[in-house]
Amino acid sequence: MQLLNLLDELQTIARNGLYYATNPYDRERYERLMQLVLEYYSKTLYVPAEEVAKRLSGELGYITPKVGADAAIFNEKGEILLVLRSDDQRWCLPCGWTEPNESPKETAIRETREETGLDVQVLQLVDVFFRPASEHNLHSLIAIVYLCEIVGGTLQLSHEHLDARYWRIEEVPIWHATHQEYAEAAYKLWQARSIS
């Protein structure tokens, strides 16, 4: 995945350069750099260059890591609520990208409602995690994980998922990206709060 990290950095340089450059020669250089990035993303991910360009063009302005928020929800047995993603058939915490003018806490609450039908409130910040570009994301990302508790709603599936259920962390068969790390950090916090 080192190539994807390099491509992420190069596309950030190219896009920031195109955003700020006023000299036509500099713009040509950044445009060429962006063409090369699209070509190599396409070859690496087996995705048409046009599709890569479409994904990348959705962002304007200065390029920074994407920010997402995750909700860690435990039952009384210490099992964590996970959803089975339909895109890669791996288990993850309810999560999603932070929308414009939305706080990460609001994201965790909204995404949990959208993905599970449950209403939650945030109890405490678990941690802030960094994940470099990978096959899952063309961009590096920052994940903000919150310990949450259910305050209403009924557990139900969204169109994005194949299943939703509580798991003992050590029994989860396959995790999405770095969600096992998030779950383990949240479990330590949940344990500490349960003891106190």
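Bear in mind the structure is a predicted one, so any value in this text is a computation, not a measurement. (Residues numbered from 1 in each chain as written. Predicted model: local features only at pLDDT ≥ 70, side-chain atom pairs only at ≥ 80, totals over all residues. Heavy atoms only, no water.)

Undergrad: Could you clarify how one ought to interpret the overall build of the protein chain in this entry?
TA: The number of helices and strands found in the protein chain is five helices and seven strands. Along its sequence from the N terminus, the protein chain presents helices and strands in the succession α-α-α-β-β-β-β-α-β-β-β-α. Each principal axis of the C-alpha distribution contributes one length, and for the protein chain these read about 60 × 30 × 25 Å. By the burial criterion, 43% of the 196 residues in the protein chain qualify as buried. Considering only contacts within the protein chain whose residues lie at least 6 apart along the sequence, 68% involve residues at least 24 apart. Summed over all atoms, the accessible surface of the protein chain reaches about 11000 Å², with 52% contributed by carbon and sulfur. Averaging the locations of the 19 positively and 30 negatively charged side chains of the protein chain gives two centres separated by 2 Å. (Helix = DSSP H or I, 4+ residues; strand = E, 2+ residues; numbered from the N terminus. Buried < 20%, exposed > 50% of the residue type's maximum accessible area, 1.4 Å probe, protein only. Contact = heavy atoms within 4.5 Å. Areas by Shrake-Rupley, 256 points an atom, 1.4 Å probe, with all protein chains shown as cover. Lys, Arg positive; Asp, Glu negative; His and termini not counted. Charge placed at Lys NZ, Arg CZ, Asp CG, Glu CD.)

Undergrad: I keep staring at helix 4 (residues 104–116) and nothing clicks. Help me out?
TA: Every α-helical turn comprises 3.6 residues, leaving residues that sit three or four positions apart pointing alike. Over its 13 residues, helix 4 runs 18 Å from end to end, which matches the ideal 18 Å to within 8%, given 1.5 Å per residue. Within helix 4 the residues assigned to the buried category are Thr 107, Ala 108, Arg 110, Glu 111, Thr 112, Glu 115 and Thr 116. Structurally, helix 4 contributes buried residues whose contacts are with strand 1 (66–73), strand 2 (80–85), strand 4 (95–97), strand 5 (118–131), strand 6 (141–153) and strand 7 (161–167). Phi turns positive one or two residues past the end of helix 4, at Gly 117, with a value near 80°. (Expected span 1.5 Å × (residues − 1).)

Undergrad: Sorry, what's going on with the packing of aromatic side chains here?
TA: Note on aromatic pairs: each is described by the distance of the centres and the angle between the planes. Applying the stated rule across the entire model yields six aromatic pairs. With 4.9 Å between their ring centres and 85° between their planes, Tyr 19 and Tyr 20 make a pair best called edge-to-face. According to the relative accessible area criterion, Tyr 20 is exposed, its value standing at 52%. With a centroid separation of 5.2 Å and 70° between ring planes, the pair formed by Trp 91 and Trp 167 is classed as edge-to-face. Taken together, the positions of Trp 91 in strand 3 (residues 91–92) and Trp 167 in strand 7 put the pair 76 residues apart, joining distant regions of the chain. With respect to burial, Trp 91 and Trp 167 carry one shared label: buried. Clustering of aromatic rings is evident, with ring pairs tying together Phe 74, Tyr 187 and Trp 190. The cationic tip of Lys 66 hangs over the ring face of Trp 97; the distance from NZ or CZ to the ring centre is 4.9 Å. Over the ring of Trp 167 we find Arg 165, and its NZ or CZ is 3.7 Å from the ring centre. (Phe/Tyr/Trp six-rings, centres within 6.5 Å; stacked < 30°, edge-to-face > 60°. Lys NZ or Arg CZ within 6 Å of the ring centre and 35° of its normal.)

Undergrad: Please clarify how the sheet that holds strand 2 should be interpreted in this entry.
TA: The strands making up a sheet associate through hydrogen bonds between their backbones, and the pairing can be parallel or antiparallel. An order of 3-2-7 is seen for the three strands of this open sheet, with the pairing classed as antiparallel. This sheet does not close on itself; its edge strands, each paired only once, are strand 3 and strand 7. Direction of pairing for strand 2 relative to strand 3: antiparallel, over a ladder of two bridges. In the sheet register, Val 83 faces strand 3, and the bridge partner there is Cys 92. (Pairing = 2+ DSSP bridges.)

Undergrad: Explain the confidence of the model for the protein chain here, please?
TA: Caution applies to low-pLDDT parts of the model: their predicted coordinates are not meant to be read in detail. When pLDDT is averaged along the protein chain, the result is 90; 94% of the residues meet or exceed 70. No element of the protein chain has a lower mean pLDDT than helix 3 (residues 49–57), which averages 76, and none a higher one than strand 3, which averages 98. (pLDDT = per-residue confidence, 0-100.)

Undergrad: Even after reading the chapter, I still don't get the sheet that holds strand 1, so can you show me in this structure?
TA: Spatially, 4-1-6-5 is the arrangement adopted by the four strands of the open sheet, whose pairing is mixed. In the strand order of this sheet, the two ends are held by strand 4 and strand 5, each with one partner. Going across the sheet, the axis of each strand differs from the next one's by a mean of 25°, ignoring polarity. Alignment of strand 1 against strand 4, held across three bridges, turns out to be antiparallel. Across the sheet, Asp 70 pairs through a bridge with Cys 95, a residue of strand 4. Set on the sheet, helix 5 (residues 179–195) makes contact with strand 1, strand 4, strand 5 and strand 6; between it and strand 5 the angle comes to about 120°. (Axes fitted to C-alpha atoms, helices over the stretch in contact; angles between N-to-C directions.)

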